[in-house]
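# Commentary on secondary and tertiary structure
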Amino acid sequence: MKYQTRDVRLAIRKGNEIIADFKQHTHGKLNLWASITDLSQKYNINVEAHSKFNPGVYNAIVAQLPFSDFSYDDFIEVLMAFQKEWDIPVLTHGYCALSS
């Protein structure tokens, strides 16, 4: 097993707490959304639930990992720890600044 830095362990623990709370207060199937946002220089992980009874999608920020503190490998490690813990799909998209 790869050695986890303190920041990675903390991000996983805090994110699992957020997902547990979100799951307790929502209903419907959960998905994880992951994005790499060039403009804000952060790796973002959100959890969403599609409502079974009311129209709409509920969302919570699970982690925002700054590029300056987390490598891409750290981001993947955190994301896959959530996927493994909660056994939910991971959906991804990326945003980047367009230069002219």
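Further up the page is the structure itself.
Report follows, based on the coordinates. These figures come from a predicted structure and were not determined experimentally. (Residues numbered from 1 in each chain as written. Predicted model: local features only at pLDDT ≥ 70, side-chain atom pairs only at ≥ 80, totals over all residues. Heavy atoms only, no water.)

### Quick look at the nonpolar core
- The biggest cluster of nonpolar side chains holds 23 residues, and the ones touching the most others in it are Leu32, Ile45, Val47, Leu65, Val78 and Phe82.
- For this core, the secondary-structure elements that each account for two or more residues are α1 (6–25), β1 (30–37), β2 (42–50), β3 (57–66) and α2 (72–86).
- With near-sequence residues (within four places) excluded, Val78 lies in contact with Val8, Ala11, Ile12, Ile45 and Leu65. (Core = buried A, V, L, I, M, F, W, Y, C linked by side-chain atoms within 4.5 Å. Buried < 20%, exposed > 50% of the residue type's maximum accessible area, 1.4 Å probe, protein only. Helix = DSSP H or I, 4+ residues; strand = E, 2+ residues; numbered from the N terminus. Contact = heavy atoms within 4.5 Å.)

### Brief notes about the pattern of salt bridges
- If you walk through the whole model with that rule in mind, you get one salt bridge.
- Lys14 is the partner of Glu17 in a salt bridge, and the nearest nitrogen-oxygen pair spans 4.0 Å. Placement of the pair is Glu17 and Lys14 together in helix α1, with a separation of three residues, close to one helical turn.
- Classification of Glu17 by relative accessible area gives partly exposed; the value is 44%. (Salt bridge = Lys/Arg side-chain N within 4 Å of Asp/Glu carboxyl O.)

### Structural notes on the packing of α1 against α2
- The geometry of α1 relative to α2 is characterised by a closest axis approach of 10 Å and an angle of 35 degrees between their N-to-C directions. Regarding α1 and α2, the two cross each other, and that crossing is right-handed. On α2, the residues that touch Val8, Ala11, Ile12, Gly15, Asn16, Ile19, Ala20 and Lys23 of α1 are Asp74, Glu77, Val78, Ala81, Phe82, Glu85 and Trp86. (Axes fitted to C-alpha atoms, helices over the stretch in contact; angles between N-to-C directions. Left-handed = near helix turned anticlockwise from the far one by under 90°.)

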